[in-house]
Amino acid sequence: MANQSLEVLKLSVLFDNHFFNGVPTQVHFIQNSSLVGTWIDDQGAANLSIGLDRIQFMSSDQLAFLIAHEYGHLVLKHPEKTLEIQQQYGIASSFDEFMLSFDAKRDYSKLMREMELQADLFGAQLVLGLGHDPVSGASFLLAETKSIQHPEGTLRVAKIKAGEQSLVAEDFSGTFNHLALQLSDAEVLAALVPSYAQPMGSVDSAVKAAVESWPVSGADGGYAGDTLYGFEVSVLLTIAVLACAIPKWWRRTSVG
Ligand SMILES: [Zn+2]
């Protein structure tokens, strides 16, 4: 498992403990993908998907910002708000988004982009609290172009820079398992249950992290972003952590 994936897992465990009392967010590492996203599944569990192509060459600052931004979405309840907004605008697919009238698209876009900016500032405060540089962390956004859901990357970084002075670093000192970030890779790996094989198309809520592969998108013309809401995975290899096992394991380590 590459260093980047381990770093993501450590951050995820830390943020789960800090914001969700250790209730694990399920992390899906997706092969041959650069998409990153969050959603809430039918069981109400928080999910985070990380395209492995996306994080492959990221610096530690950048990884921290990326994961912190995604947790910003989860903590600020953006997946739920997105569903509400999409219902309001009658959107069930990216095609519907595309077909909105000019005015509706502008208003819808504004709501969606606003959430991105909120998650950026939230993420910036988190990485600051972890001793990372938010502007350097957000630097990968500079290459991002504007979309219906996302503001232009240069604007996003400019907003972080502009707000840098007023950022309040998140205080992790009280977090039970701040230790998670100091653990060695070997220690994190020791907590992983080896080669847990997940049945096709099912997402087991007991899984903390898995390496998966999305099916090649079909002939329906939908773009890959849609898979976040109609989630079907074929699992090539699963590296799993039992949901109940991991918080106990961290706890044991931190007390012992
Ligand atoms: Zn986002």
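Residues numbered from 1 in each chain as written. Predicted model: local features only at pLDDT ≥ 70, side-chain atom pairs only at ≥ 80, totals over all residues. Heavy atoms only, no water.

## Side note on the nonpolar core
Moving on, step 1. The biggest cluster of nonpolar side chains holds 35 residues, and the ones touching the most others in it are Phe15, Phe29 and Ile67.
Moving on, step 2. Mapped onto this core, the elements with two or more residues apiece are α1 (3-20), β1 (26-31), β3 (46-51), α3 (60-75), α6 (102-129), α8 (153-163) and β4 (209-213).
Moving on, step 3. In terms of residues, this core owes the most to one element, α3, which gives eight residues.
Moving on, step 4. Non-local contacts of Ile67, meaning those with residues more than four positions away in its chain, are made with Val8, Leu11, Phe15, Leu48 and Ile50.
Moving on, step 5. Membership of the second largest hydrophobic core comes to seven residues, among which are Leu100, Ala104, Tyr108 and Met115. (Core = buried A, V, L, I, M, F, W, Y, C linked by side-chain atoms within 4.5 Å. Buried < 20%, exposed > 50% of the residue type's maximum accessible area, 1.4 Å probe, protein only. Helix = DSSP H or I, 4+ residues; strand = E, 2+ residues; numbered from the N terminus. Contact = heavy atoms within 4.5 Å.)

## Looking at the coordination of the zinc ion
Moving on, step 1. At the metal site, the zinc ion is ligated by His69 (NE2), His73 (NE2) and Glu116 (OE), and these contacts range over 2.0 to 2.1 Å.
Moving on, step 2. In terms of primary sequence, the donors binding the zinc ion are separated according to H-x3-H-x42-E. Within this pair, whereas His69 is found in helix α3, its partner Glu116 is found in helix α6, the two being separated by 47 residues in sequence. Residues His69 and Glu116 agree in their burial class; the two are buried. (Donors = N, O, S within 2.8 Å, 3.2 Å for Na, K, Ca; no water.)

## A short note on the pattern of salt bridges
Moving on, step 1. Evaluated as defined, the whole model comprises five salt bridges.
Moving on, step 2. The residue Glu144 makes a salt bridge to Arg54 at a minimum N-O spacing of 2.8 Å. Of this pair, Glu144 sits in the loop between α7 (134-137) and α8 while Arg54 is found in helix α2 (residues 52-55), placing the two residues 90 residues apart along the sequence.
Moving on, step 3. The class of Glu144 is partly exposed, set by a relative accessible area of 24%.
Moving on, step 4. You can call Arg54 partly exposed: its relative accessible area is 24%.
Moving on, step 5. Among the ionic pairs, Asp103 bridges to Arg106, the shortest N-O distance being 3.6 Å. On the criterion of helical spacing, the pair formed by Asp103 and Arg106 is a turn pair, its members being three residues apart in helix α6.
Moving on, step 6. Look at Asp103 and you get partly exposed, because its relative accessible area is 43%. (Salt bridge = Lys/Arg side-chain N within 4 Å of Asp/Glu carboxyl O.)

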